Amino acid sequence: MAFLCDTCGKELTVNEGTLSWCDDENCIREFRITHKHDQDHSCDEKDVGYVHLWIVTGISGFVKFNEILADYWAKGYTLKDPGGLKKALSQIGAYIWEKSKNQP
Ligand SMILES: [Zn+2]
């Protein structure tokens, strides 16, 4: 199962992509699944956070990503675009579901 790049629209494999976001001004936003070179955020590059797709689609990586989010909430960050995060989570969830179905 392939992912679709939020920037160029082309398919990417789990080994090619990242889940990235902007982290500045006490908010997180612009959650995107893209090729690594297509992250293309509006904020400064140093304020871009990302995880590799092959990591975040594994159980421990997915749990780790939730811990990262929990740390943002604990620091009082707000989520500017829930739609972007939900769209990314939905692609990741579908991938994990497909992968778990195909296991013997
Ligand atoms: Zn792309």
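Going by the structure above, here's the rest.
Summary of the structure given here. (Residues numbered from 1 in each chain as written. Predicted model: local features only at pLDDT ≥ 70, side-chain atom pairs only at ≥ 80, totals over all residues. Heavy atoms only, no water.)

As for the side chain of Ser 20
Phase 1 of the analysis: Its place among the elements puts Ser 20 in strand E3 (residues 17-24).
Phase 2 of the analysis: According to the relative accessible area criterion, Ser 20 is buried, its value standing at 0%.
Phase 3 of the analysis: A distance of 2.8 Å separates polar atoms of two side chains, one belonging to Ser 20 and the other to His 41.
Phase 4 of the analysis: Once residues within four sequence positions are removed from consideration, Ser 20 is found in contact with Glu 30, Phe 31, Arg 32, Thr 34, Gln 39, His 41, Val 48, Gly 49 and Tyr 50. (Helix = DSSP H or I, 4+ residues; strand = E, 2+ residues; numbered from the N terminus. Buried < 20%, exposed > 50% of the residue type's maximum accessible area, 1.4 Å probe, protein only. Polar contact = N/O pair within 3.5 Å; in protein donor to acceptor, adjacent residues only side chain to side chain. Contact = heavy atoms within 4.5 Å.)

Considering the nonpolar core
Phase 1 of the analysis: Within the largest apolar cluster, 20 residues are counted, with the highest numbers of intra-cluster contacts made by Leu 19, Trp 21, Phe 31, Ile 33 and Phe 65.
Phase 2 of the analysis: Counting only elements with at least two residues in this core, the list comes to E3, strand E4 (27-35), helix H1 (53-56), helix H2 (59-74) and helix H3 (82-101).
Phase 3 of the analysis: In terms of residue count, the dominant contributor to this core is H3 (four residues).
Phase 4 of the analysis: Those residues within four positions of Ile 33 in sequence are excluded, and the remaining contacts are Phe 3, Leu 4, Cys 5, Asp 6, Leu 12, Thr 18, Leu 19, Leu 53, Ala 88, Gln 91 and Ile 92. (Core = buried A, V, L, I, M, F, W, Y, C linked by side-chain atoms within 4.5 Å.)

A look at the coordination of the zinc ion
Phase 1 of the analysis: Taken together, the protein ligands of the zinc ion are Cys 5 (SG), Cys 8 (SG), His 35 (ND1) and Asp 38 (OD), with distances of 1.9 to 2.3 Å.
Phase 2 of the analysis: For the zinc ion, the four donor atoms are set out with angles of 104 to 116° between them, so the coordination reads as tetrahedral.
Phase 3 of the analysis: Motif for the zinc ion, donor spacing along one chain: C-x2-C-x26-H-x2-D. Pair noted here: Cys 5 is in the loop between strand E1 (3-4) and strand E2 (11-12) and His 35 is in strand E4, with a separation of 30 residues, a long-range link. Each member of the pair Cys 5 and His 35 is classed as buried. (Donors = N, O, S within 2.8 Å, 3.2 Å for Na, K, Ca; no water. Tetrahedral: all angles 85-135°; square planar, octahedral: opposite > 155°, others 65-115°.)

A word on the sheet that holds strand E6 (residues 78-79)
Phase 1 of the analysis: Spatial ordering of the open sheet is given by E5-E3-E4-E6, a layout of four strands whose pairing is mixed. Of all the strands in the sheet, the pair left with one neighbour each is strand E5 (48-52) and E6.
Phase 2 of the analysis: In this sheet, E6 lies alongside E4 in parallel orientation, the contact comprising two bridges. Along E6, the bridge assignment pairs Ile 28 with Leu 79.
Phase 3 of the analysis: Those strands touched by H3 are E3, E4 and E6, and its axis lies near 40° from that of E4. (Pairing = 2+ DSSP bridges. Axes fitted to C-alpha atoms, helices over the stretch in contact; angles between N-to-C directions.)

Bear in mind that shape data such as this cannot, by itself, settle questions of function.
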